[in-house]
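Survey of secondary and tertiary structure
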Amino acid sequence: MGSDRPLTYPLTVAAGALATCCVLAVPATLDQLSAIVTVAVAIVGYTAFRVLMAQRRVPPDQSIRRVRQQHGLTSRSWIEHQGTWTPVYFDPALVTLPTPTNTFPRLYPAGRVRHSEPPGKLIDNPTRPDPDGAARAHTAASPLRRLTLDAQQAIAAPFIGVMWVYVDGGGVTAFAGATCVAAVVAIWLAAINGSDPS
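In this report, the structure presented in the accompanying data block is examined.

Reading across from one edge, β3-β2-β1-β4 is the order of the 4 strands in this open sheet, with antiparallel pairing throughout. The sheet terminates laterally at β3 (84-88) and β4 (121-124), the two strands that pair on one side only. Here the strands of the sheet are splayed against their neighbours by 35 degrees on average, with no regard to which way each runs. Pairing of strand β2 (residues 74-81) with β3, which is carried by 5 bridges, proceeds in the antiparallel orientation. Following the sheet pairing, Glu80 is matched in β3 by Trp85.

Structure, rendered in structure tokens:
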């Protein structure tokens, strides 16, 4: 397994979001173009920040417990270690990780360390290896599955499109462009914040 494999999906989604912004910038008016450029700069900046923060070592080489969180439409993997909780980018190896364990793959943090339990429904990994774990991990790692699950976050995109048309005008094409930008930003945010498809 490559050392950067858990970061491949979020970086690919970020590249897709930037490509969408570039395509939509071509027919854009000056106001639309400035909004698209602002969004693209935010995507580049926040993605670079997340990749830089993901290089930290998490957690120390001691016993950890992997927990999957479900909170609204958001699903993430967390590592619990001595009363601290760290969100991590999804790696298929997490699905088959017995908990607690001292042996685990290189993990990449996907956010700040918490000193309290994350909100929502928390699901522990089994204490013994699941016989179907490898098949579940393979299914969960599918880019199409991950993209489909992250696309749930784009549910508000049409409302943002309507708001843009109300504020800036432009009709159907402005609505379609604003809706597309809002949708790719929502999907990108889910991916860059460490969504978990398992």
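Turning our attention to the layout of surface pockets. The volume enclosed by the largest pocket comes to roughly 400 Å³. Considering the residues around the largest pocket, the lining is formed by 17 residues, among which Gln32, Trp164, Ala174, Gly177 and Ala178 are closest to the centre. Contributing elements (two or more residues each) for the lining of the largest pocket: α2 (30-53), α5 (157-168) and α6 (171-192). It is α6 that contributes the most residues to the lining of the largest pocket, 6 residues altogether. Grouping the amino acids of the lining of the largest pocket by side-chain chemistry returns 13 nonpolar, 4 polar and no charged.

The next point concerns the environment of Gly83. Along the chain, Gly83 turns up in the loop between β2 and β3. Between the alpha carbons of Gly83 and Lys121 there is a distance of 18 Å; along the sequence they are 38 residues apart.

Attention shifts here to the pattern of salt bridges. Proximity of charged atoms lets side chains of opposite charge pair with each other. Throughout the structure, instances matching the rule amount to 3 salt bridges. Between Glu80 and Arg65 there is a salt bridge, with its nearest N and O atoms 2.3 Å apart. Taken together, the residues Glu80 in strand β2 and Arg65 in strand β1 (residues 65-71) connect sequence positions 15 residues apart. Residue Arg65 is classed as partly exposed on the basis of its relative accessible area of 22%. Ionic pairing is found between Arg65 and Asp124, a salt bridge with its closest N-O pair at 2.3 Å. Separated by 59 residues along the polypeptide, Arg65 in strand β1 and Asp124 in strand β4 bring together distant segments of the chain. The network of salt bridges with shared partners includes Arg65, Glu80 and Asp124.

Cut-offs and rules
- Residues numbered from 1 in each chain as written.
- Predicted model: local features only at pLDDT ≥ 70, side-chain atom pairs only at ≥ 80, totals over all residues.
- Heavy atoms only, no water.
- Pairing = 2+ DSSP bridges.
- Helix = DSSP H or I, 4+ residues; strand = E, 2+ residues; numbered from the N terminus.
- Axes fitted to C-alpha atoms, helices over the stretch in contact; angles between N-to-C directions.
- 1 Å grid on protein atoms, 1.4 Å probe; cavity = no way out; pocket = protein on both sides within 12 Å on 5 of 7 lines; lining within 4 Å.
- Points joined across faces, edges and corners; volume = space filled by probe spheres on them.
- Nonpolar A, V, L, I, M, F, W, Y, C, P; charged D, E, K, R; others polar.
- Salt bridge = Lys/Arg side-chain N within 4 Å of Asp/Glu carboxyl O.
- Buried < 20%, exposed > 50% of the residue type's maximum accessible area, 1.4 Å probe, protein only.

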